Amino acid sequence: MLRRKFFGNLIAGSAMTPLAAAAQLSPPQATQEPYLERASTGQPHKGKVLLAVQAHSDDVPLMAAGTVAKLIEEGYTGYLVRASNDDMGDSPGLGTAGTIGENVLGNERDTAEVARALGCKQHFDLNYGNHRMADISLNELICRLILIIRLVKADTVICWDPWGHDEENPDHYMVARAVEAACWMAGRAHDYPEQFAAGLQPKEVQDKYYFARRPEITRVVDISTQVDKKVDANRANRAKGPGGHLGSRLRASLAKRNLRLPLLGNDDDSADRNYIKEFVLRENRELGAKYGVEYAEVFHYIPPGAADADMDPGVAAYVKEHAVSLK
Ligand SMILES: [Zn+2]
């Protein structure tokens, strides 16, 4: 994945389209100003379950690690799903150079460490070929995600935006479209009934945080308190980068030229962490400055009920207002 332009159009993309505005049925999304989700005190989300779904090992670390860590700190039980096996690796300058097989193993190990760093209870690797998800069975992926949603009883999902503009990576939009369908179908009583015979129950996902290369921003999450966990998650992403050990690598290459960057400190650990905070999280810092916090992540947020095709809220409101007693 190319990251240099990740947030290049954030500012230009912040205004909602008329269609998106119409889709936001409940406040605070009714206005064009994105809602700022600040840190909560205590654990208001205790008892709820968060499912973070990524195509690749670096997606959640780069795009949503602070929000995942924040929601888990605020009470959610978290799970992480990775759809691909990351066998294509990434540009050698960003991560760890290696063969296709080495990419698979490195990213598998890194993902386990990312899940641990963010406080997830468990993670699942679905093992689809990297960059080859365009022609996998969408129904198969939906079914696998439905099973996971029902298994962990997911209330909230974080994933790529299924309708994000300018998305080049087929793995991103395939997993996003499968997630959106699965969130709804998992709550239905006639879809995949054999799962109920195996002990699962219908479970509809309530709300969704979608991230994208050119996001439609309806929610800004203040991740200032969780910034060190976001650094940890990106430091764990050694195989794919662009955090990993690039800081210590740069420190070593400078030393060979008898040079030193004060930013990188006096040991490899400090070099890795300070490099990530300065360079990898730069966009989060710039977003924070725009929205009045130190570090931020941004999302197209789908609130509970916004996409519920099974219910017409107008009927319920009409019944409440006009129903009379039979007696
Ligand atoms: Zn990706």
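Residues numbered from 1 in each chain as written. Predicted model: local features only at pLDDT ≥ 70, side-chain atom pairs only at ≥ 80, totals over all residues. Heavy atoms only, no water.

Time to look at the coordination of the zinc ion. Surrounding the zinc ion are the protein donor atoms His 56 (ND1), Asp 59 (OD) and His 172 (NE2), at 2.0 to 2.1 Å. If you list the donors of the zinc ion from N- to C-terminus, the spacing comes out as H-x2-D-x112-H. A residue pair is termed long-range when its members are at least 10 positions apart, and Asp 59 in helix 2 (residues 59-63) and His 172 in helix 6 (residues 170-185) qualify at 113 residues. The same class applies to Asp 59 and to His 172, which are both buried. (Donors = N, O, S within 2.8 Å, 3.2 Å for Na, K, Ca; no water. Helix = DSSP H or I, 4+ residues; strand = E, 2+ residues; numbered from the N terminus. Buried < 20%, exposed > 50% of the residue type's maximum accessible area, 1.4 Å probe, protein only.)

Take the sheet that holds strand 1 (residues 35-37) next. What the eight strands build is an open sheet, ordered 1-7-8-6-5-2-3-4; its pairing is mixed. The open sheet is flanked by strand 1 and strand 4 (122-128), the only strands paired with a single partner. For this sheet the average axis-to-axis angle between neighbouring strands, irrespective of direction, equals 25 degrees. Note: strand 2 (residues 49-54) against strand 5 (residues 156-160), three bridges, orientation parallel. In the sheet register, Leu 51 faces strand 5, and the bridge partner there is Val 157. Each of strand 2, strand 3 (77-84) and strand 4 touches helix 4 (residues 100-118); the most contacted strand, strand 3, lies at about 160 degrees to it. (Pairing = 2+ DSSP bridges. Axes fitted to C-alpha atoms, helices over the stretch in contact; angles between N-to-C directions. Contact = heavy atoms within 4.5 Å.)

Next up on the list: the packing of aromatic side chains. Inspection of the entire model under this criterion finds four aromatic pairs. For the pair Tyr 209 and Tyr 301, a centre-to-centre distance of 4.9 Å together with 65 degrees between the ring planes defines the contact as edge-to-face. Of this pair, Tyr 209 sits in strand 6 (residues 207-211) while Tyr 301 sits in strand 8 (residues 296-302), placing them 92 residues apart in sequence. We note that Tyr 209, like Tyr 301, is buried. Joined through ring pairs, the aromatic side chains of Tyr 209, Phe 299 and Tyr 301 make up one cluster. (Phe/Tyr/Trp six-rings, centres within 6.5 Å; stacked < 30°, edge-to-face > 60°.)

This next bit is on the packing of helix 3 (residues 65-73) against helix 8 (residues 227-236). For the pair helix 3 and helix 8, interaxial distance at closest approach is 8 Å and the crossing angle is 125 degrees. Taken together, the axis directions place helix 3 and helix 8 in an arrangement best described as oblique. In terms of crossing hand, the pair formed by helix 3 and helix 8 is right-handed. Between helix 3 and helix 8, the residues in contact are Ala 65, Gly 66, Ala 69 and Glu 73 and Lys 229, Lys 230 and Ala 233, respectively. Taken together, the residues that form the contact of helix 3 with helix 8 break down as three nonpolar, one polar and three charged. (Parallel < 35°, antiparallel > 145°, perpendicular 65-115°, else oblique. Left-handed = near helix turned anticlockwise from the far one by under 90°. Nonpolar A, V, L, I, M, F, W, Y, C, P; charged D, E, K, R; others polar.)

Our next topic: the confidence of the model for the protein chain. A low pLDDT score tells you not to read the predicted coordinates there in detail. Per-residue pLDDT for the protein chain has a mean of 90; in total, 89% of the residues score no lower than 70. The low-confidence segment residues 1-30 (pLDDT under 50) makes 61 contacts with residues lying over four places distant or belonging to another chain. (pLDDT = per-residue confidence, 0-100.)

By size, the foremost hydrophobic cluster in this structure holds 70 residues, and its most contacted members are Leu 51, Val 68, Leu 118, Leu 145 and Ile 158. Looking at which element gives the most residues to this core, the answer is helix 6, with eight residues. Apart from the residues within four sequence positions on either side, Leu 145 is in contact with Val 53, Val 81, Leu 126, Val 175, Ala 178, Val 179 and Ala 182. Membership of the second largest hydrophobic core comes to seven residues, among which are Tyr 291, Val 293, Ala 296 and Val 298. (Core = buried A, V, L, I, M, F, W, Y, C linked by side-chain atoms within 4.5 Å.)

Here we come to helix 11 (residues 282-291). Buried within helix 11 we find Glu 283, Asn 284, Leu 287, Gly 288 and Tyr 291. With its buried residues spanning 145 degrees around the axis, helix 11 presents them on a single face. Lining the buried residues of helix 11 we find strand 1, strand 7 (219-222), helix 8, helix 10 (268-280) and strand 8. Taken from the residues just after helix 11, Gly 292 is the one with a positive phi, measuring 85 degrees. (Arc of directions from axis to C-beta.)

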